[in-house]
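In case you want the letters, here they are:
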Amino acid sequence: MSSVESQSRVLSGMRPTGKLHLGHYHGVLKNWVQLQHEYECLFFVADWHALTTHYEDPQIIEKSVWDMVIDWLAAGINPGSATLFLQSKVPEHAELHLLLSMMTPLGWLERVPTYKDQQEKLKEKDLATYGFLGYPLLQSADILAYRAGHVPVGADQVAHVELTREVARRFNHLYGREPGFEENAEAAIQKMGKKNAKLYRSLKKKYLEQGDQDALEVARALLKEQQNITIGDRERLFGYIEGGGKVILPEPHPLLTPAAKMPGLDGQKMSKSYGNTIGLREEEDSVVQKIKTMRTDPQRVRRTDPGDPEKCPVWQLHEVYSAEDTKCWVQEGCRSAGIGCLECKAPIIDAVLAEQKPIRERAKQYESEPGMVRSIVVEGSEQARDLAKQTLEEVRKVMGLSYS
Ligand code: TRP
Ligand code: SF4
């Protein structure tokens, strides 16, 4: 596949380290469901990634893999639109990780902010391992194996996509220079015709001499339009604009998930480690109980005390779930002690249950057919593997490993 086509491919992964909750749904899954209609999507269970932090208790990983795939399907990921797969079923990820490790400076990995942060945060675990340091590079391999153009991630993962871009650039610089690259590129320019060749040359010059980003964009668009050059030539000319070699591994772009800050039951961000979650398909009774017992504005001791929604975690849930009229009703009723807290929570309970209803129903169906879930993953993994194989073939070739 060429880097032009790869621009429409989206890849993302999730670590299987426990059941998903509504924070995952609002923060990630809803976005995936949307993307599957707009792009060619590949979503995978990052089981090797989970081992980098859970190597001492791998049992949780195996169990979570299937729960998580059911969660995805229940949330509306459609295996007809998106390819769902398991990382360890595609050994090309590991091979690419190894090959990239040869040319990735150690300092790049040591400087990834999550490296020190996570070690600090997960003090109880010994993360001074080779695998943990290499974790962001494994992520780069995940992305580059499919030459994905876009990677939906949260803000905390943007640095990993940036690393991936640097690794790809370095790779292309080192290995994109086939013998006779410049001659081939010059010959390809000729094939575009006089007018386009002249335009390409002047844009390239503008970009290289003045760093003009617009010129780069225009030149790329120009190449995309060319009908009479081969894919190989197009790749060459993509690389040649930037003064480099052929683009073997295109640089991916982070697709920043619109920051849906899903509040947990205590008003902090919903997270397993804060113990403030509502499970994606948690039992109804338990959901009702959790919301009913949520703390409210501490100033509102009695029903007759007026309160302040800004000091209340329930209000934050209204911000996520309620329409304007309900929000006005809360603001007014809370500040005037016109409504009670249980009354105020009722629309939230209804909204959460309504949101979970179709999810719970779809999950039931998949739970009753574990064979179907497995075959979705087996098939998806085979499809993914076919794609990754194509990339690896080219990577091996340029690294001198094709032996043909
Ligand atoms: N590191 C990601 C996380 O912790 C998961 C992940 C692994 C991923 N490989 C990826 C995300 C590739 C996007 C692309 O959430
Ligand atoms: Fe919170 Fe609603 Fe009670 Fe006000 S009325 S304190 S917003 S639960």
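Residues numbered from 1 in each chain as written. Chains lettered and ligands numbered in written order. Predicted model: local features only at pLDDT ≥ 70, side-chain atom pairs only at ≥ 80, totals over all residues. Heavy atoms only, no water.

What follows deals with the domain arrangement of the protein. Domain assignment breaks the protein into domain 1 (3-175 + 255-261 + 370-398), domain 2 (181-241) and domain 3 (281-366). Relative to domain 2, the C-alpha centre of domain 1 lies at a distance of 32 Å. (Domains from an automatic or database assignment.)

Bringing the site of ligand 1 into the picture now. Taken together, 13 residues lie near ligand 1, and Arg-15, Tyr-135, Gln-139, Asp-142 and Gln-157 sit nearest. Asp-142 places a polar side-chain atom, nitrogen or oxygen, 2.7 Å from a nitrogen atom of ligand 1. Between a nitrogen atom of ligand 1 and a side-chain N or O atom of Gln-157, the distance comes to 2.9 Å. For ligand 1, whose free accessible area comes to 370 Å², the fraction covered by protein is 88%. Of all elements in the fold, only strand E1 (9-14) and helix H8 (130-144) reach the threshold of two or more residues within the shell around ligand 1. A total of four residues in the shell around ligand 1 trace back to one element, the largest contributor, which is H8. Here the residues of the shell around ligand 1 are counted per class, giving six nonpolar, five polar and two charged. (Near = heavy atom within 4 Å. Polar contact = N/O pair within 3.5 Å; in protein donor to acceptor, adjacent residues only side chain to side chain. Areas by Shrake-Rupley, 256 points an atom, 1.4 Å probe, with all protein chains shown as cover. Helix = DSSP H or I, 4+ residues; strand = E, 2+ residues; numbered from the N terminus. Nonpolar A, V, L, I, M, F, W, Y, C, P; charged D, E, K, R; others polar.)

Attention now goes to the site of ligand 2. Around ligand 2, the neighbouring residues are Thr-296, Asp-297, Arg-300, Cys-312, Val-314, Val-330, Cys-334, Cys-341 and Cys-344. More than half of the atoms of ligand 2 fall within 2 Å of the grid points belonging to the largest cavity. For the shell around ligand 2, the secondary structure elements donating two or more residues are helix H16 (324-335) and helix H17 (341-367). The class makeup of the residues in the shell around ligand 2 is six nonpolar, one polar and two charged. (1 Å grid on protein atoms, 1.4 Å probe; cavity = no way out; pocket = protein on both sides within 12 Å on 5 of 7 lines; lining within 4 Å. Sits in = over half its atoms within 2 Å of the grid points.)

So, about the packing of aromatic side chains. Evaluation of the coordinates by the stated rule reveals eight aromatic pairs. Grouping aromatic residues by their ring pairs yields a cluster made of Trp-32, Phe-43 and Trp-72. One residue, Arg-374, lies across the ring of Trp-66, its end atom 4.1 Å from the ring centre. (Phe/Tyr/Trp six-rings, centres within 6.5 Å; stacked < 30°, edge-to-face > 60°. Lys NZ or Arg CZ within 6 Å of the ring centre and 35° of its normal.)

The next subject is H8. With 15 residues, H8 should reach 21 Å at 1.5 Å per residue; the first-to-last C-alpha distance of 21 Å fits that figure. Taking the largest bend as the criterion, H8 deviates by roughly 45°, centred on Pro-136. Within H8, 13 of the 15 residues are buried, which leaves it mostly tucked inside the rest of the structure. (Expected span 1.5 Å × (residues − 1). Bend = angle between axes of the 7 residues up to and from the residue. Buried < 20%, exposed > 50% of the residue type's maximum accessible area, 1.4 Å probe, protein only.)

Looking now at the nonpolar core. Within the largest apolar cluster, 53 residues are counted, with the highest numbers of intra-cluster contacts made by Leu-22, Leu-29, Phe-43, Trp-72, Ile-77, Leu-84 and Ile-291. Of all the elements, helix H4 (residues 59-75) adds the most residues to this core, at nine residues. Two domains each provide a minimum of three residues to this core, namely domain 1 (3-175 + 255-261 + 370-398) and domain 3 (281-366). In contact with Leu-29, other than residues within four places in its own chain, are Met-14, Leu-20, His-24, Asp-71, Trp-72, Ala-75, Ile-77 and Leu-280. (Core = buried A, V, L, I, M, F, W, Y, C linked by side-chain atoms within 4.5 Å. Contact = heavy atoms within 4.5 Å.)

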